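# Structural features, examined
The primary structure of each chain is shown beneath.
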Amino acid sequence: MADVSLKEAALIVGVVAACYWNSLFCGFVFDDVSAILDNKDLHPSTPLKNLFQNDFWGTPMSEERSHKSYRPLTVLTFRLNYLFSELNAVSYHFLNLVFHVVVCVVFLKVCKLFLDNKSSVVASLLFAVHPIHTEAVTGVVGRAELLSSIFFLAAFLSYTKSKGPDNTIVWTPIAVTVFLVAVATLCKEQGITVVGICCVYEVFIAQGYTLPVLLDTAVQILRGKGSIPFSMLQTLLKLIVLMFSTLLLVVVRVQVIQSQLPVFTRFDNPAAVSPSPARQLTFNYLLPVNAWLLLNPSELCCDWTMGTIPLVESLLDVRNVATLTFFCFLGSLLVFSLRYPGDSSKTVLMALCLIVLPFIPASNLFFPVGFVVAERVLYVPSMGFCILVAHGWKKLSNKSVLRKISWVCLAAVLFTHALKTLHRNWDWESEYTLFMSALKVNKNNAKLWNNVGHALENEKNFERALQFFIQATQVQPDDIGAHMNVGRTYKNLNKTKEAEESYMIAKSLMPQIIPGKKYAARVAPNHLNVYINLANLIRVNESRLEEADQLYRQAISMRPDFKQAYISRGELLLKMNKPLKAKEAYLRALELDRTNSDLWYNLAIVYIELKDPTEALKNFNRALELNPTHKLALFNSALLMQESGEAQLRPEAKQRLLHYVKEEPQDANGYFNLGMLAMDDKKDTEAEAWMKKAISLQPNFRSALFNLALLYSQTAKELMALPILEDLLRYYPDHTKGLILKGDILMNQKKDIVGAKMCFEKILELDPNNVQGKHNLCVVYFEERDLIKAEKCLVETLALAPHEEYIQRHLNIVRSKIASLGTTEQSSFPPGGTAAAGGKKKSFQNLKEVKNEQKTTQTTIDNNKGHSKNGKLTEKNSVDKEIPRRSTQEIKDIEKKRVAALKRLEEIERILNGE
């Protein structure tokens, strides 16, 4: 076995780098979104065991919606990428490029088993530059092909060493082969087909048998005229070991998918659900279509599903000629390779094996697949194609007449293929460029129109996206996903009537329930989201909440394991003020998925509604155990701890809020609540800094403005509070507490009785029954020496709050003052004068009723984008409302307030008594 020289390896590295350097500038597109961006198995917080329990897309293999593609080792390499660079696409593409180089070098080593050095290099170079490989190399999810191919070729090379001197068996290479086959299969399913190639190699290459020899030997044995040769017995033993190992792998694989095939619809693979003979004729026609892509890769498309290739429904269809020609050519090569001895026939045979056997899993021969044609599955079959081309080129170049022409043609093919590959890479730069390039090749695929619409939708270009979605419905009128996309886009454009009409069309296209027949087997799971989307749309109307609930229940009746339906219904039930039923819905969803942090978060919100903060906090903590960066759980759990008033919880609340502002540095709510925590801990300087940060991010932040002013007031910085209050009242002129605080500062610090009076009068304009504002206005009248008006004011105030003892006491003081003073003496008081009392005066009771910003959010889905994986949308609603303390700490706070209020009352009484 010839080794690969350093020069040859360097040549391959240079060629691959020249063809694929621009792939490093591409992003995550198409299937990369589901496999990389949306796959939680890549995150370090996800246990490694999940990689071996979930499919390629991160869906548990046990779930019916699972794609059943079991490739844990490929996902492990994605996870390593994520560990070093998270979601930086460059590292993912670079590793793919490296793997392609490795495959090319190992393939060169395989070629040297059947070709001379020059032809082997030609085959390897053609493989390196072939444009059909751009989907496998430039598309990140194509790594499954790359990794599987490395171990596929390594397993074959190992097996070629299993023949010892005198035709003895060397078991170590066979054991290594079995191990490498298992590894290849864990990278991608087609890795197991290398066993078939090893069997063909053993019989026809290593042992040198031809089909006539085997048939003759079999006939002799059957007639009893001979026995099985010892060499043939050894061959049979090796084949039995290989086949038994393969059978064991197949059994394990079937157990992994729990004996369930993935659910595909007629949109994914129309021929798979077509009647005979259309199904057989179409599947046979797809073989020459794939062969043509290898021969002429000029028109490449990322998606060949739906109506890309019309069904071959009749024997009279002219496309059957292509099918017949393909089988005739393939049959002639097969007869030549099996019938005649010699190196040429052996080369052709191994090339055919590399073309045919790895393609079988994608051929629909044994089970339907979720595509019509997929360019990336031709990655390994193209190896056999390249060997055939190199072998044919060798035959031509050995003839003196054709030598120069063969070299010119070879150079032209390699150069044009390299240019095509380089140009094709740019198509994978973004989803928009990828799907637009596909539409140039095929305009009959509704999925492509949908995906261009999705790309525009992601850019918030809803008007243009709508045009593509509508075109998708015209290309494929029965495409449920396309109508769902139209509905969602109308919703984004605030055209609810049109959105509802589109959802109703999609709903009408759903298969009807047939008694005794499993519904899920006839519908794509994501299509059931039409019920969710329609319900989410109509529940905006308060009068249609029951109708929305009926839609959720209808979806659940169709699929009792439809987790998202329970989640959305739980949110609706909360809106309908039915927290106990919402709790039931979320608990049912948790039975289906206990690893979903959003579900635990939603359940915590339910417990808040049920006034059970202890259970709410437990569920928040569970959500954070599953997802330590769950922003809403961080925020609301910290808020719950803060509201509990328990001092021992404050440090943890602060840590969670610090984590939250790290995740959401532009959200003023996080900084505001850090400020509130600091105020609770009497850390005034820290509280001031946090409040200022919140206001800098949101200048009209009502609660932050008021509490910063209150902080200044409580720390003897009343004059610093005034400009803050001015800002607050500019944004919110009816802020009663802000007016009270401003009036107090104006009267007691600025001695501005007129300004204070305006504040208190404004309060009474807004709320004539505001006791605090009216009482403070009474004090202003007394400061103005208008005792009659002060008396009348206090009488009115007492009528509003007859149980307030301090108002009655103040009224008595004023009346005694009036009785002791004559009319002349009273009139001598200068208007606007102040009492002669010294020291600091407060004209109102304790004001510390702080406001808080609370987020109460549930997780829901809006829709699924046609043919993409399920998505979910989180809505955040900040509610600015007064939240009183609800804990044992409340007693202490009330006592402090009472003491402070009594002190202020004493000061007021001193004023009234003229002390």
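This one's a predicted model, so the numbers in the text were calculated from it and none came from an experiment.

Residue position: Ala-790 is located in helix α37 (residues 787–800). For Ala-790, a relative accessible area of 0% corresponds to the buried category. Through-space distance from the C-alpha of Ala-790 to that of Val-814 is 7.5 Å; in sequence the pair is 24 residues apart. Excluding residues within four positions of it along the chain, Ala-790 makes contact with Cys-778, Tyr-781, Phe-782 and Val-814.

What follows covers the state of the cysteines. Tallied over the full model, the rule gives one disulfide. Disulfide pairing is shown between Cys-778 and Cys-793; the S-S distance is 2.0 Å. Between Cys-778 and Cys-793 the sulfur-sulfur dihedral comes to about -85°; the bridge is accordingly left-handed. Pair noted here: Cys-778 is in helix α36 (residues 771–783) and Cys-793 is in helix α37, with a separation of 15 residues, a long-range link. Each of the two residues, Cys-778 as well as Cys-793, counts as buried.

Glancing now at the packing of helix α4 (residues 89–111) against helix α7 (residues 143–159). Packing of α4 against α7 leaves a shortest axis separation of 9 Å and a crossing angle of 25°. Taken together, the axis directions place α4 and α7 in an arrangement best described as roughly parallel. By crossing handedness, the relation of α4 to α7 is classed as left-handed. Facing Tyr-92, Leu-95, Asn-96, Phe-99, His-100, Val-102, Val-103, Val-106, Phe-107, Lys-109 and Val-110 of α4, the residues of α7 in contact are Arg-143, Leu-146, Leu-147, Ser-149, Ile-150, Leu-153, Ala-154, Phe-156 and Leu-157. Here the contact of α4 with α7 is built from residues that sort into 15 nonpolar, three polar and two charged.

Let's shift gears to the packing of aromatic side chains. Evaluated as defined, the whole model comprises 21 aromatic pairs. For the ring pair Trp-393 and Trp-407, a centre distance of 4.9 Å and an interplane angle of 90° mean the geometry is edge-to-face. One end of the pair, Trp-393, is in helix α15 (residues 381–397); the other, Trp-407, is in helix α16 (residues 403–427), with 14 residues separating them in the sequence. Classification of Trp-407 as partly exposed rests on a relative accessible area of 40%. Taken together, the ring pairs connect Trp-21, Phe-25 and Trp-426 into an aromatic cluster. We note Arg-319 situated over the ring of Tyr-285; from NZ or CZ to the ring centre the distance is 5.2 Å. Its end group placed over the ring of Tyr-732, Arg-702 keeps NZ or CZ at 5.3 Å from the ring centre.

Moving on, we get to empty space enclosed by the protein. Applying the stated rule across the entire model yields ten cavities of 30 Å³ or more. The computed volume of the largest cavity comes to approximately 70 Å³. Lining the largest cavity are 13 residues, with Leu-286, Asn-290, Phe-359, Ala-362 and Val-372 positioned closest to its centre. For the lining of the largest cavity, a count of residues per class yields ten nonpolar, three polar and no charged.

Turning to the pattern of salt bridges, a few remarks are in order. Using the criterion set out here, one finds 36 salt bridges in the structure. Linking Asp-549 and Arg-553 is a salt bridge whose minimum nitrogen-to-oxygen distance equals 3.3 Å. With Asp-549 and Arg-553 both in helix α23 (residues 545–558) and four residues apart, the pair spans about one turn of that helix. Assessed through its relative accessible area of 5%, Asp-549 is described here as buried. Classification of Arg-553 as partly exposed rests on a relative accessible area of 34%. Taking the shortest distance from any N to any O, the salt bridge between Asp-549 and Arg-569 comes out at 2.5 Å. Of this pair, Asp-549 sits in helix α23 while Arg-569 sits in helix α24 (residues 563–575); the two residues are 20 residues apart in sequence, bridging distant segments of the chain. A single network of salt bridges, built from pairs that share partners, joins Asp-31, Glu-135 and Arg-376.

Here is what the cut-offs are and how they apply
Residues numbered from 1 in each chain as written. Predicted model: local features only at pLDDT ≥ 70, side-chain atom pairs only at ≥ 80, totals over all residues. Heavy atoms only, no water. Helix = DSSP H or I, 4+ residues; strand = E, 2+ residues; numbered from the N terminus. Buried < 20%, exposed > 50% of the residue type's maximum accessible area, 1.4 Å probe, protein only. Contact = heavy atoms within 4.5 Å. Disulfide = S-S within 2.5 Å. Axes fitted to C-alpha atoms, helices over the stretch in contact; angles between N-to-C directions. Parallel < 35°, antiparallel > 145°, perpendicular 65-115°, else oblique. Left-handed = near helix turned anticlockwise from the far one by under 90°. Nonpolar A, V, L, I, M, F, W, Y, C, P; charged D, E, K, R; others polar. Phe/Tyr/Trp six-rings, centres within 6.5 Å; stacked < 30°, edge-to-face > 60°. Lys NZ or Arg CZ within 6 Å of the ring centre and 35° of its normal. 1 Å grid on protein atoms, 1.4 Å probe; cavity = no way out; pocket = protein on both sides within 12 Å on 5 of 7 lines; lining within 4 Å. Points joined across faces, edges and corners; volume = space filled by probe spheres on them. Salt bridge = Lys/Arg side-chain N within 4 Å of Asp/Glu carboxyl O.

That is the geometry; function is a separate question.
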